[in-house]
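Commentary on secondary and tertiary structure
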Amino acid sequence: NKWINKFKNPNIEEEEFFYQFSDDCFYLGMEMDSFRSLHHYLVDNQIEDFDLFDPQSLGHINDIKVLFNTIFSNWRRITRDLDSLTAQHNRQWFIASLERLQQLVNLVTI
């Protein structure tokens, strides 16, 4: 919820996303695996119509660890390519992915 709110805040500084987000990801045990776990998940579940850049495709992911690693890998892709974490399309993707993660976690804790 913390990061969903931060990505929704239009006044947040880029540096906060750059440093604090990665610190939280490491703390939570996320792996920056260059989308390997996502690839294996899609192949194993025969999902062919997945588009990483379409937030609606995130509904295909039902595995918390895969989604965790996908979020962290996309953060790394954006920072490596010097894209803006605060660009609208990136904000929308992170909000959608974190909301999906929250849904999956809520299913496990109910």
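Relevant structure appears above.
About the criteria used
- Residues numbered from 1 in each chain as written.
- Predicted model: local features only at pLDDT ≥ 70, side-chain atom pairs only at ≥ 80, totals over all residues.
- Heavy atoms only, no water.
- Helix = DSSP H or I, 4+ residues; strand = E, 2+ residues; numbered from the N terminus.
- Rg over C-alpha atoms; globule rule 2.2 N^0.38 Å.
- Buried < 20%, exposed > 50% of the residue type's maximum accessible area, 1.4 Å probe, protein only.
- Contact = heavy atoms within 4.5 Å.
- Salt bridge = Lys/Arg side-chain N within 4 Å of Asp/Glu carboxyl O.

1. Regarding the overall build of the protein chain
- Scanning the protein chain from N- to C-terminus turns up 5 helices and 0 strands.
- Helices and strands appear in the protein chain in the N-to-C order α-α-α-α-α.
- Rg of the C-alpha trace for the protein chain: 13 Å, near the compact-globule value of 13 Å for 110 residues, within the 12% margin.
- With respect to the three principal axes, the spread of C-alpha positions in the protein chain is 40 × 35 × 25 Å.
- The buried share among the 110 residues of the protein chain stands at 43%.
- Summarising the internal contacts of the protein chain: among those between residues at least 6 apart in sequence, 62% fall at separations of at least 24.

2. What to know about the pattern of salt bridges
- Using the criterion set out here, one finds 4 salt bridges in the structure.
- Here Lys-2 makes a salt bridge to Asp-24, at a shortest N to O gap of 2.8 Å. Of this pair, Lys-2 sits in helix H1 (residues 2-8) while Asp-24 sits in helix H2 (residues 14-27), and the two are 22 residues apart along the sequence.
- With a shortest N-O distance of 3.4 Å, Glu-99 and Lys-8 are connected by a salt bridge. You can see Glu-99 sitting in helix H5 (residues 88-109) and its partner Lys-8 sitting in helix H1, a full 91 residues away along the chain.

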